[in-house]
Amino acid sequence: MRNRRPSILTLTASDLFDGIEPNEVFPAAKPKPKQVEADLCGIDEMLDSTKRIRKSGMTFSSSSTTIREPVRVAGLDKYMTLTTWHGCFPVFAGRSKRSKKLRMDVRKAASDPKARSVIIVGESGLEKDSVSTFVHELGDKQKAHHLYRISGTSSTFTEIFGTAEYPGVLDNVAETRHALSFANFDKLLKTEEEAREFLHLLETKKYFSRFHGEERVCHARLIATIDQDDDRFKSNELLQIAVPSLRGRSADIDMIANAKLQRIVRRRGLPHISFSPEAMHRLKTYSWPGNLRELGSVLERAVYLFENDRSEHPYIPWKITAEHAITSTSHYNTEFLRYNLLSKFQSLQAITRSPWVFDDFMKYVVPPSFALVLAILWLGPQTRDENAALTVFWTWWWPGALLSYPLFSRVWCAVCPFMACGELVQAAKKSLGGKLGEWPSSAKKWGPPFAYGLFAAILMWEELWNLPDNGSLSAWLLVLITSGAVVGSLSFEKRIWCRHFCPIGAMNGLYSKMALLEIRSWKGVCSGCTAQNCIQGNPVDNNLPGAGCPLDSSPNKLADNADCVMCFRCVKSCEKGSPEFNLRPPGIDFGIPFLLPIPGTEVPAKYKTNPWQAALLFLLQGAVYVHFIPLILSDVGLGDSSIASSQFGDGLDFAMHSLVTLLLLLFPGALLFGADQLGRKLDASEVVKRLFPAQVQDVMLTDALRRNDVDAFAMAAGGTATLRQAPPPRPSVQETLMEAARAQEGEDGSSSSSSSDPFNQLVHVAYGYLPMVWTCNIAFWISRALEEGGTILPRAVSTFGLNPSMQDWLPYVVADEHVVEFVQGGFILFGLPFTYFLTQKICRDFNLGPAQRSAHALLQLFFAASLWHCMIH
Ligand code: SF4
Ligand code: SF4
Ligand code: SF4
């Protein structure tokens, strides 16, 4: 194919440089910026390159740009790149050895006399495309005229090598002296054979043209970028440039960050902004998993926060402060508290990518097991001491599920039989060509009250019909929840039932907020991801056959664990390896410091709240009291009543039993509301103001500042200061972080009401009771597990009607009564301090008064003491 004559193309500066100022590209236009930019990069070759481009025919003025476009090649237009200088400076900036080596490697590669192919290796987000552009720009323009970029994620192997019918990119470009850049080329290569053919091309510049049916030589310069080092592409025939990660160049971060910041500032038309020393320290000590891309996002956000701050406090200097930097990086700054198990244990990676985790398990193991359990429940003996399935249900599964939450989060939902049935019928409907609807937007609104109502009904059913001792009714309970999953799966795509309506899922979501394990992604990596395979699944890459997130969530968007069932589908689907499987401190979603303040680790509470979910928490607390109705009735003077043992059809007794059950279910929530209101009223009273003058004044001052109420501030300060006379102290880092977190909550679709709204405060504080509700529930159910769980073998003999004499020699384990009480007491005591510290932290975050804080502390004591009384006689 012959090159056509060079044509003249006129472009505006914004066309060419994608929003970058002309004088940024050609510093000579303004002497001072030239010095700054040259200094930032620390390399003369930038200027050399500028001259070279000028020599090659490109001229430039501030209003428009005229370039002499060397050649256009048919079939390659869509790959042409003109954003020559976009983003070039930051990646090269710095004076560290690594940045010098990078610049030297680029220069060497550009001027390589043999024009060997270049492999650029570096983590995601390192602007490797800019490096490839420089290799091309600094090279000999007579050899490489123009740069065409081919994306490995959106192009295919045949697109490059062609077919018998159509020429490929290589066929079009082979006889020219252009440059071809393959971005993330490893994504193109699906088989070893394709990898070998591509390697052969890079090393020898020869390839077999399907279109021409012969081997051809490619004269174009070949440049390829790759995220991970690959030994297959190390060879003497190839030049390799390693782009160092940002965390490996902390000495350069000031230059790189300044370069990026000034770019943002200019684009937004702001005056010069600099970093405070603390902010720069923050940036330097952060590990930047998303590299330059993440730095760009963080600085954008920091400038945005700074602009907001300036509009509220115009007296602050034009400096990005540590608070802006911390807030902007706050999602990540607990990294050192998180331990990514996938990167530490290679075998775990293989396990999590196995089809048995959990797709095949859900398909082949769970449904038959579930059917067997249902059959035994229906057809076997109906009492728990004779039915092994009933024993497994109420003494293994239920306590086991409760115990699993703090460690494994919602992993029960990943192997749940209810949804195994739902997914089976959904797959069947799809295979028959049936269509599934999109989730209605109202599901988010109506799901939580539905789950609350259904859970309350189930708890009443359990108590009034004594479900744990009734095989067929227990089976119907399972069928009831399964039918919800099946109906939801037949009507809508994915798992709408699990995300919004399932009562068990709602409880799992609550407890999972405390879990030690989580799946999250590197936001810096995800911010540049357009594929979103973690949500939609990865149908293209056969090595990554993972389906999309069943909850239509994404590890990138998770605020807490509530919307993740730990199915690992995103781990399998994501091409960039962004999802992490982290070990973390329990309760970190509620923010640090939680138990002990750790200086420098202020993290906003980042958990989604919903009033119905908070109400469900206290319903679960009430469910523990319901199990002690006889004792409670006796305590209130109704000891001989037959209410507790009444059955359906017992007339008034049954009605009373229902009423007492309902009241006990609502009792903890009512107490919480009452205690909160009482504390609030006391805080406003003169008695508390006299008893705790300093604390009350502190609360009032902070509240006035938050509302920017000058008169309230003056009154709280005792008339000695006003907002106008003395500029108010700026909000603390923690307050800033809380506000940012609350704003995020709003984005996530959860509660977004004002932080000074009493109802919203109560909902947040309610979540502080989470450890106690969990430990009290465990304390009750663990007694069943310890007393009956070990008798499964003799009960299995009864279930299947085997020889009764076998019961005498089959082993069983039953815990001593004192051991059971010891364990129960241990759980109750264990939950108390956790709940106390967590609620006090949330109270502090919301600046609640001393009486309100004390009311919550007393309520927790009451819960612990009353349940101790119920369980430990
Ligand atoms: S949310 Fe409910 S139906 Fe869905 S997986 Fe969890 S327990 Fe099963
Ligand atoms: S986790 Fe999802 S959003 Fe993030 S990089 Fe992977 S596919 Fe993209
Ligand atoms: S975020 Fe990942 S692990 Fe969690 S539910 Fe979605 S796909 Fe599964």
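As the structure is a computational prediction, the values presented were derived from the model and not from experiment. (Residues numbered from 1 in each chain as written. Chains lettered and ligands numbered in written order. Predicted model: local features only at pLDDT ≥ 70, side-chain atom pairs only at ≥ 80, totals over all residues. Heavy atoms only, no water.)

Enquirer: Whenever I open this one, the overall build of the protein confuses me. Can you help?
Expert: The helix and strand tally for the protein stands at 40 helices and 15 strands. Looking at the protein residue by residue over its 873 residues, the buried ones come to 54%. A total of about 38,600 Å² of accessible surface is found on the protein, and carbon and sulfur atoms cover 60% of it. (Helix = DSSP H or I, 4+ residues; strand = E, 2+ residues; numbered from the N terminus. Buried < 20%, exposed > 50% of the residue type's maximum accessible area, 1.4 Å probe, protein only. Areas by Shrake-Rupley, 256 points an atom, 1.4 Å probe, with all protein chains shown as cover.)

Enquirer: Sorry, what's going on with the packing of helix α39 (residues 817–845) against helix α40 (residues 850–871) here?
Expert: Packed helix pairs are specified by the crossing angle of their axes together with the interaxial distance, meaning the distance between the axes. In the contact formed by α39 and α40, the axes pass within 10 Å of each other and the chain directions differ by 170°. Between α39 and α40, the crossing angle belongs to the class labelled roughly antiparallel. Residues E821, Q824, G825, I828, L829, L832, T835, Y836, T839, Q840, C843 and R844 of α39 lie in contact with α40, whose contacting residues are R853, H856, A857, Q860, L861, A864, L867, W868 and M871. Of the residues assigned to the contact of α39 with α40, the class counts are 11 nonpolar, 7 polar and 3 charged. (Axes fitted to C-alpha atoms, helices over the stretch in contact; angles between N-to-C directions. Parallel < 35°, antiparallel > 145°, perpendicular 65-115°, else oblique. Contact = heavy atoms within 4.5 Å. Nonpolar A, V, L, I, M, F, W, Y, C, P; charged D, E, K, R; others polar.)

Enquirer: Where do I start with the site of ligand 1 in this structure?
Expert: Surrounding ligand 1, one finds R410, W412, C413, C416, F418, M419, R495, W497, C498, C502, I504 and G505. Elements with a minimum of two residues in the shell around ligand 1: α19 (411–414), α20 (417–431), α23 (496–501) and α24 (503–511). Residues that form the shell around ligand 1 fall into these classes: 9 nonpolar, 1 polar and 2 charged. (Near = heavy atom within 4 Å.)

Enquirer: What is the right way to look at the pattern of salt bridges in this model?
Expert: Between side chains of opposite charge, a pair can form as their charged atoms come close. A full pass over the atoms with the stated rule returns 22 salt bridges. For the salt bridge of K260 with E127, the shortest nitrogen-to-oxygen distance reads 3.1 Å. In this pair, K260 is assigned in helix α11 (residues 253–268) and E127 in the loop between β4 (117–121) and α7 (128–138), connecting sequence segments 133 residues apart. Where R680 meets D676, a salt bridge forms, and the shortest distance between an N and an O atom there is 3.8 Å. Of this pair, R680 and D676 both sit in helix α30 (residues 652–683), 4 residues apart, which is roughly one turn of that helix. According to the relative accessible area criterion, R680 is partly exposed, its value standing at 23%. With a relative accessible area of 2%, D676 lands in the buried category. Several salt bridges converge on common partners, so that one network encompasses D359, E423, R495, R569 and K572. (Salt bridge = Lys/Arg side-chain N within 4 Å of Asp/Glu carboxyl O.)

Enquirer: Just checking my understanding: could you explain the UniProt feature "transmembrane region" (unreviewed entry) in the protein for this structure?
Expert: The UniProt record annotates "transmembrane region" (unreviewed entry) at residues 473–492, 614–634 and 654–675. Secondary structure over residues 473–492 splits into 95% helix and 0% strand, and the C-alpha atoms at its two ends are 29 Å apart. Split by type, residues 614–634 is 90% helix and 0% strand. Its first and last C-alpha atoms lie 30 Å apart. (UniProt positions renumbered as here; feature names shortened; annotations may be inferred.)

Enquirer: Help me understand the pairing of strand β9 (residues 221–226), please; the structure alone is not making it clear to me.
Expert: Every other side chain in a regular strand lies on the same face of the sheet, so the side chains alternate between the two faces. Burial runs high along β9: 6 of the 6 residues are buried. Side chains R221, I223 and T225 project from β9 onto one buried face, and the interleaved L222, A224 and I226 project onto a second face that is buried too.

Enquirer: What is the right way to look at the site of ligand 2 in this model?
Expert: Contacts to ligand 2 come from C526, C529, Q532, N533, C534, P555, C574, K576, S578 and P579. Counted by class, the shell around ligand 2 contains 6 nonpolar, 3 polar and 1 charged residues.

Enquirer: Mind showing me how you'd approach the nonpolar core here?
Expert: Generally speaking, a soluble globular protein has its nonpolar side chains buried in company with each other. Counting 127 residues, the largest nonpolar core has Y511, Y769 and M871 as its most contacted members. Three or more residues apiece are contributed to this core by two domains, here domain 3 (340–586) and domain 4 (589–607 + 623–686 + 731–873). Once you skip the residues sitting within four places of it in the chain, Y511 turns out to touch L402, Y405, L620, L770, V773, W774 and N777. In this structure, I241, M255, F275 and L292 belong to the second largest nonpolar core, which totals 40 residues. (Core = buried A, V, L, I, M, F, W, Y, C linked by side-chain atoms within 4.5 Å. Domains from an automatic or database assignment.)

Enquirer: Can you walk me through the pairing of strand β8 (residues 214–217) in this structure?
Expert: Pairing of strand β7 (residues 206–209) with β8 involves 4 bridges; the strand directions are antiparallel. Within β8, the residue paired with F208 across the bridge is E215. In textbook terms, the turn of a hairpin is the stretch between consecutive antiparallel strands, and for β7 and β8 this stretch comprises 4 residues, one of which, G213, has a positive phi near 70°. (Pairing = 2+ DSSP bridges.)

Enquirer: I would appreciate a short explanation of the packing of helix α21 (residues 443–464) against helix α28 (residues 611–626) in the present structure.
Expert: Orientation of α21 relative to α28, taken along the N-to-C sense of each, is 5°, at an axis distance of 9 Å. The angle between α21 and α28 places the two elements in the roughly parallel class. When α21 is examined against α28, the residues P448, P449, Y452, F455, A456, L459 and E463 are found in contact with a partner set consisting of W612, A615, L616, L619, L620, A623 and V626. Across the contact of α21 with α28, the residue classes break down as 13 nonpolar, no polar and 1 charged.

Enquirer: Mind showing me how you'd approach the side chain of E788 here?
Expert: Relative to the assigned elements, E788 resides in helix α36 (residues 770–788). Classification of E788 as buried rests on a relative accessible area of 12%. If sequence neighbours within four positions are ignored, E788 has contacts with R384, T391, T395 and R795.

Enquirer: I tried to follow the side chain of S99 on my own but got confused; where do I start?
Expert: The residue S99 is located in helix α6 (residues 97–110) in this model. For S99, a relative accessible area of 0% puts it in the buried group. A distance of 2.9 Å separates a polar side-chain atom of S99 from the backbone oxygen of S96. In this structure, S99 is in contact with F92, A93, G94, R249 and D252, ignoring residues within four places of it in sequence. (Polar contact = N/O pair within 3.5 Å; in protein donor to acceptor, adjacent residues only side chain to side chain.)

Enquirer: Can you walk me through the sheet that holds β9 in this structure?
Expert: Within a beta sheet, neighbouring strands are joined by backbone hydrogen bonds and run either parallel or antiparallel to one another. Strand order in this open sheet of 5 strands is β5-β6-β9-β4-β10, and the pairing throughout is parallel. Here the strands that pair on one side only, and so sit at the sheet edges, are β5 (147–151) and β10 (238–242). Taken over all neighbouring pairs, the strand axes of this sheet differ in orientation by 20° on average, direction set aside. In terms of strand pairing, β5 meets strand β6 (residues 179–183) through 5 bridges, oriented parallel.

Enquirer: I keep staring at unusual backbone geometry and nothing clicks. Help me out?
Expert: As a rule of thumb, non-glycine residues mostly have phi less than zero, and peptide bonds are mostly trans rather than cis. Residue F358 follows V357 across a cis peptide bond; omega there is -10°. With respect to the helices and strands, the residue F358 is situated in the loop between α16 (346–353) and α17 (359–379). The phi dihedral of S409 is positive, around 60°, even though this residue is not glycine. Inspection of the secondary structure assignment puts S409 in the loop between α18 (388–408) and α19. Here S409 falls in the buried class, since its relative accessible area comes to 1%. Of note in the backbone geometry, M566 takes a positive phi value of approximately 55° without being a glycine. Owing to a relative accessible area of 2%, M566 belongs among the buried residues under this scheme.

Enquirer: I would appreciate a short explanation of α20 in the present structure.
Expert: Side chains that are three or four residues apart share a direction in an α-helix, a result of its 3.6 residues per turn. Taking 1.5 Å of rise per residue, the 15 residues of α20 would be expected to cover 21 Å, and the 21 Å separating its terminal C-alpha atoms lies within 8% of that figure. Buried within α20 are the following residues: P417, F418, M419, A420, C421, G422, E423 and Q426. Close packing links the buried residues of α20 with α17, α19, α22 (471–491), α23 and α27 (569–573). G433, located one to two residues past α20, shows a positive phi value of around 90°. (Expected span 1.5 Å × (residues − 1).)

Enquirer: Looking at this model, I keep getting lost on the sheet that holds strand β13 (residues 339–340). Mind explaining?
Expert: Pairing is antiparallel across the open sheet formed by 3 strands, whose spatial order is β13-β15-β14. The two strands at the open ends of the sheet, each matched to only one other strand, are β13 and β14 (517–521). Both β14 and strand β15 (residues 579–583) contribute to a ladder of 5 bridges, which runs antiparallel. Looking across to β15, one finds that L517 is bridged to L583.

Enquirer: For this particular structure, what's the right way to read the packing of aromatic side chains?
Expert: In this description, a pair of aromatic rings is defined by centroid distance and the angle of the planes. Here the structure, examined in full by the defined rule, presents 30 aromatic pairs. The interplanar angle of 70° and the centroid separation of 6.4 Å between the aromatic rings of F161 and Y207 together place this pair among those described as edge-to-face. With F161 in helix α8 (residues 157–161) and Y207 in strand β7, this pair connects stretches of sequence that are 46 residues apart. Pairing F370 with F418 gives two aromatic rings, centres 6.0 Å apart and planes at 75°, and the pair type is edge-to-face. Of this pair, F370 sits in helix α17 while F418 sits in helix α20, and the two are 48 residues apart along the sequence. What makes F370 buried here is its relative accessible area of 7%. (Phe/Tyr/Trp six-rings, centres within 6.5 Å; stacked < 30°, edge-to-face > 60°.)

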